[in-house]
Amino acid sequence: SDLQPILLSSIITTVAGAILFFVFRTAPADLRIREAFAIVSFSWIVATLFGSLPFIISGTIPSFTDAFFETMSGFTTTGATILPDIESMPHGLLFWRSFTQWIGGLGIILFSVAILPFLGVGGMQLFQAEVPGLTVEKLTPRISQTARILWYIYIFLTVAQTAFLMLGGMDLFDSVNHAFATLSTGGFSTKNASIAYFKSAYIEWVVIIFMFLAGANFTLHFRALKGNLLSYSKDNEFGFYVILVLVASLIILAAIPSSLIGDVTERVRASVFQVVSITTTTGFISSDYELWAPAAQLILLLLMFNGGSAGSTAGGIKIVRILILLRNGLNQMKMLIHPKAVIPVRLNGRAVGTDIIVDVLAFLMLYITVFVVATILMAALGLDIVSAAGAVAATLGNIGPGLGSVGATDHYAHVPLAGKWVLSFCMLIGRLELFTVLVLFTTAFWKR
């Protein structure tokens with residue numbers, strides 16, 4: 001039943017792409033940074049429009065708004081869904097739903113730069129606009145080769161997780177889909193109960209490990225595969241990432257009531273799973289965290305803002321930004337005691353420039369501003385304050401499940417029409433690091 005809608009969607013998309021290619025094939029190949037920002041932003045919107053066709057044509061998601069929301073959630077690796085009954089979906093559409101996340105994990109533009117060099121345009125500007133994090137570290141002199149290396153690592157980890165999941169008794173279809181959703185830190189599951197459906201400690205630990213790897217900087221994985229395993233221990237961000245996960249897991253472990261989960265090992269697994277899932281912005285669920293103590297829910301809400309490492313597939317503010325802000329704050333306190341001292345903020349042994357610190361502060365302020373404004377809009381549209389804040393935090397951080405009526409065991413189907421467009425916008429700007437999209441709304445961008 002899903003074959004015809006997928007084929008028809010493919011034909012429509014291919015024809016539209018071919019027409020655009022031939023119409024503009026003689027356009028100048030020069031690519032400036034202004035055009036790169038526009039290309040990245042609009043490519044994600046256009047990809048979402050065409051990506052929603054299988055859902056609309058098949059009738060499984062007849063509403064255009066709902067289909068757009070679901071597809072944007074896929075490509076931005078958010079994992080927020082409007083589907084109340086996922087398991088009733090045809091397998092072809094479930095696979096496409098997971099595949100949108102896998103493609104979105106390292107980015108549509110990065111994918112294009114890696115496999116479509118015949119376009120004849122420079123890729124570095126697109127790479128800078130697309131890859132999450134503060135700076136872009138090229139692994140090789142050629143940007144297309146760097147992109148290919150990242151994709152090889154991505155594919156290797158996906159295949160490895162698929163194999164490990166199958167060893168745990170999961171069938172091939174579910175294994176591939178959950179590997180797609182894990183390595184992309186997307187969180188779409190083929191089951192209504194997410195990972196909790198499988199009731200397997202082995203599967204949960206496999207997912208935890210690969211979520212953790214997906215939330216780390218892929219540059220470190222590249223170095224490790226070349227034999228430099230010490231690169232993990234020497235990286236300040238990775239060290240802070242490990243400490244954050246351990247500390248948050250211990251706090252939540254103490255906050256999980258024994259009446260809910262009696263076995264200590266199960267409580268340990270539940271706390272670690274949910275912390276890694278939220279920190280890496282994957283959004284898989286192994287238990288209903290809304291039944292946990294308020295302190296545990298508050299920690300998870302804070303982790304929604306935190307996000308994973310720069311250079312990973314995770315969303316959020318990014319750990320490296322949090323680390324720089326903390327170190328800058330400590331330095332400011334030291335300078336109150338020693339006013340004449342020059343104390344630079346250091347990261348991996350190098351001094352962080354003032355311009356980067358200013359960028360981090362600006363990003364944080366903009367992130368908080370967007371969160372507050374979007375939360376007010378969602379509350380004005382009828383959501384209670386917990387659900388409004390939870391929905392915005394979950395979509396802006398590309399996590400998926402939030403709090404309140406959009407919590408662990410809930411969905412976004414009940415969100416008002418206008419609210420779904422607000423949250424879709426939050427997903428987009430969250431995935432593309434705010435500035436990439438919001439710069440399009442400045443007058444300076446449009447001036448010659």
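Everything quoted here is computed from the prediction, not taken from an experiment.

(A) Layout of the overall build of the protein. When you go through the protein residue by residue, the secondary structure sums to 21 helices and 2 strands. Whereas a compact globule of 448 residues would reach a radius of gyration of roughly 22 Å, the protein reaches 21 Å, a difference of no more than 12%. When the 448 residues of the protein are sorted by exposure, 54% land in the buried category. The contacts in the protein between residues at least 6 apart in sequence include a share of 69% that link residues at least 24 apart. As presented, the protein carries roughly 19700 Å² of accessible surface, and 70% of it is formed by carbon and sulfur atoms.

(B) The arrangement of the pattern of salt bridges in detail. Enumeration over the complete set of coordinates arrives at 6 salt bridges. The salt bridge partner of Asp174 is Lys191, with a shortest N-O separation of 3.7 Å. Highlighted residues: Asp174 in helix α9 (residues 172–183) and Lys191 in the loop between α9 and α10 (201–214), separated in sequence by 17 residues. Given the relative accessible area of 15%, Lys191 is considered buried. Between Glu433 and Lys318 there is a salt bridge, with the nearest N and O atoms lying 2.9 Å from each other. Of this pair, Glu433 sits in the loop between α19 (417–431) and α20 (435–438) while Lys318 is found in the loop between α15 (294–306) and α16 (319–337), placing the two residues 115 residues apart along the sequence.

(C) Layout of the nonpolar core. Counting residues in hydrophobic clusters, the biggest one holds 118 residues, and the most contacted among them are Trp292 and Tyr412. Top element by residues in this core is helix α8 (residues 143–167). It accounts for 9 residues.

(D) Structural detail: the side chain of Ser277. With respect to the helices, strands and loops of the structure, Ser277 is situated in helix α14 (residues 264–279). Here Phe284 takes part through its backbone nitrogen, which lies 2.8 Å from a polar atom of the side chain of Ser277. Residues contacting Ser277, with those up to four places away along its chain left out, are Met211, Thr282, Gly283 and Phe284.

(E) Molecular detail of a nonpolar patch on the surface. Taken together, the side chains of Ile11, Val15, Ile19, Leu20, Val23 and Phe24 make up a nonpolar region of the molecular surface, amounting to roughly 600 Å² of accessible area. In this fold, Ile19 is placed in helix α1 (residues 3–23).

(F) The packing of aromatic side chains, seen in detail. The full count for this structure, using the stated rule, is 28 aromatic pairs. Taken together, a centroid distance of 6.1 Å and an interplanar angle of 45° make the contact between Phe164 and Phe210 tilted. A residue pair is termed long-range when its members are at least 10 positions apart, and Phe164 in helix α8 and Phe210 in helix α10 qualify at 46 residues. Ring centres of Phe363 and Phe435 lie 6.0 Å apart, and the angle between their planes is 55°; on these two criteria the pair is classed as tilted. Here Phe363 is found in helix α17 (residues 354–380), whereas its partner Phe435 is found in helix α20, with 72 residues between them in sequence. A relative accessible area of 38% places Phe435 in the partly exposed class. The ring of Phe188 carries Arg97 above its face, with NZ or CZ at 3.8 Å from the centroid. Across the ring face of Phe363, the terminal group of Arg321 is positioned such that the distance to the ring centre comes to 3.7 Å.

(G) Fine view of helix α2 (residues 33–51). Taking 1.5 Å of rise per residue, 19 residues should cover 27 Å, and α2 covers 26 Å from first to last C-alpha, within 8% of that figure. For α2, the complete set of buried residues consists of Ala36, Ala38, Val40, Ser41, Trp44, Ala47, Thr48 and Gly51.

(H) Representation of the packing of α10 against α14. Closest axis-to-axis distance for the α10/α14 pair is 9 Å, and the angle between their directions is 30°. For the pair α10 and α14, the crossing hand works out as left-handed. On the side of α10, the interface is formed by Ala201, Glu204, Trp205, Val207, Ile208, Met211 and Phe212, while α14 contributes Arg269, Val272, Phe273, Val276 and Ser277. Residue composition of the contact of α10 with α14, grouped by class: 9 nonpolar, 1 polar and 2 charged.

(I) Examining the confidence of the model for the protein more closely. Looking at the protein, pLDDT values average 89 and 92% of them are 70 or higher. Note on residues 115–122: pLDDT is under 50 here. Beyond four places in sequence and across chains, it has 6 contacts.

(J) Inspection of the packing of helix α5 (residues 91–106) against α9 at higher detail. With their axes 8 Å apart at the nearest point, α5 and α9 run at an angle of 25° to one another. The angle between the axes of α5 and α9 places the two elements in the roughly parallel class. Helix-helix and strand crossings are classified by hand; for α5 and α9 the assignment is left-handed. Counting all contacts with α5, which are made through His91, Leu94, Phe95, Ser98, Phe99, Gln101 and Trp102, the residues of α9 involved are Phe173, Val176, Asn177, Phe180 and Ala181.

Rules behind the numbers
- Residues numbered from 1 in each chain as written.
- Predicted model: local features only at pLDDT ≥ 70, side-chain atom pairs only at ≥ 80, totals over all residues.
- Heavy atoms only, no water.
- Helix = DSSP H or I, 4+ residues; strand = E, 2+ residues; numbered from the N terminus.
- Rg over C-alpha atoms; globule rule 2.2 N^0.38 Å.
- Buried < 20%, exposed > 50% of the residue type's maximum accessible area, 1.4 Å probe, protein only.
- Contact = heavy atoms within 4.5 Å.
- Areas by Shrake-Rupley, 256 points an atom, 1.4 Å probe, with all protein chains shown as cover.
- Salt bridge = Lys/Arg side-chain N within 4 Å of Asp/Glu carboxyl O.
- Core = buried A, V, L, I, M, F, W, Y, C linked by side-chain atoms within 4.5 Å.
- Polar contact = N/O pair within 3.5 Å; in protein donor to acceptor, adjacent residues only side chain to side chain.
- Patch = residues over 30% accessible without salt bridge, like charges linked within 9 Å, V, L, I, M, F, W, Y side chains within 5 Å.
- Phe/Tyr/Trp six-rings, centres within 6.5 Å; stacked < 30°, edge-to-face > 60°.
- Lys NZ or Arg CZ within 6 Å of the ring centre and 35° of its normal.
- Expected span 1.5 Å × (residues − 1).
- Axes fitted to C-alpha atoms, helices over the stretch in contact; angles between N-to-C directions.
- Left-handed = near helix turned anticlockwise from the far one by under 90°.
- Nonpolar A, V, L, I, M, F, W, Y, C, P; charged D, E, K, R; others polar.
- pLDDT = per-residue confidence, 0-100.
- Parallel < 35°, antiparallel > 145°, perpendicular 65-115°, else oblique.

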